[in-house]
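# What the coordinates show
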Amino acid sequence: FTLDGGANWQADAGFTAISPTTPADSMTWSVGGDTGWAIGGAIGYDLNDVLRGWSTEVEVSYRSNQWNGQWSSTTGAATGGTIDYDNTSLAVMANAWYEFPVGGVSPYIGGGIGWARSRFKGTYDPSGLSSPASFEFTDEGFAWQLGAGVNFPIKPGMTVGLGYRYFRGPQVTVDSYGTVSGSATNAATSNVDNENHSVILDLKVNL
């Protein structure tokens, strides 16, 4: 059984999108993300009797980062303003890890595949007289990750570890201020990647 948590960073989510059907419609996000957090837990099985050094597990994890910046649009009662939103991912993963003892510690490498639900939830705040518009863009589907780290024994059957995870969740399709506010329709949309880098501490207990 493993519990882990740590810091999470996400790749750039800025973009400029132009509608493929209405070229006059476009929107731009110029945003920056803060350092976020990641937590998780897993139940696994040691395969040493069959494949020395290997283990498998089922993991549930959650990541969260806050983003803010500027947006602009070519359609609607407002053409720009500020944006603020949370980018979160809930994932269920099947992982496999290979661990090899070296000098009293145990480095490991591995990865996994599974399902994740990615969500952008926040607010378009326009300049001028138009009203703020709340949004929630959600997509779910295939996710994968790679990882590495080192485990340190602290007592029989218990280790603490320091590790890195690269996690890729499903893209999230986002719409313009005009679409979510109802003031006008902007046909421009963008698929934003959900790419995460985590540094975690974990506690593992062999039952």
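None of these values were measured; they are calculated from a predicted model. (Residues numbered from 1 in each chain as written. Predicted model: local features only at pLDDT ≥ 70, side-chain atom pairs only at ≥ 80, totals over all residues. Heavy atoms only, no water.)

### Regarding the nonpolar core
By size, the foremost hydrophobic cluster in this structure holds 21 residues, and its most contacted members are Trp29, Ile83, Tyr85, Phe120, Tyr124, Phe135 and Val174. The set of elements that each furnish at least two residues to this core consists of β2 (15-18), β3 (26-33), β5 (54-73), β6 (80-99), β7 (106-126), β8 (133-155) and β9 (158-174). Apart from the residues within four sequence positions on either side, isoleucine 83 is in contact with Trp29, Val31, Trp67, Asn68, Gly69, Gln70, Trp71, Thr123, Tyr124 and Phe135. Listed in part, the 5 residues of the second largest apolar core include Ala91, Met93, Ala116 and Phe167. (Core = buried A, V, L, I, M, F, W, Y, C linked by side-chain atoms within 4.5 Å. Buried < 20%, exposed > 50% of the residue type's maximum accessible area, 1.4 Å probe, protein only. Helix = DSSP H or I, 4+ residues; strand = E, 2+ residues; numbered from the N terminus. Contact = heavy atoms within 4.5 Å.)

### Remarks on the pattern of salt bridges
Pairing is possible between side chains of opposite charge, provided their charged atoms come close. Tallying each qualifying case throughout the model produces 2 salt bridges. Here glutamate 136 and arginine 119 are joined by a salt bridge, their closest N and O atoms 3.6 Å apart. Here glutamate 136 is found in strand β8, whereas its partner arginine 119 is found in strand β7, with 17 residues between them in sequence. (Salt bridge = Lys/Arg side-chain N within 4 Å of Asp/Glu carboxyl O.)

### What about the side chain of threonine 88?
Along the polypeptide, threonine 88 turns up in strand β6. A relative accessible area of 7% places threonine 88 in the buried class. Residues in contact with threonine 88, not counting those within four places in the same chain, are Tyr62, Arg63, Ser64, Arg117, Ser118 and Arg119.

### Focus on the pairing of β5
Relative to β5, β3 runs antiparallel, the two sharing 7 bridges. Considered in β5, the bridge of glycine 33 is made with tryptophan 67. With 10 bridges joining them, strand β4 (residues 36-46) and β5 adopt antiparallel strand pairing. Bridge assignment links glycine 40 to a residue of β5, and that residue is serine 61. In this structure, β5 lies alongside β6, joined through 19 bridges in antiparallel fashion. Bridge pairing links glutamine 70 to threonine 82 in β6. (Pairing = 2+ DSSP bridges.)

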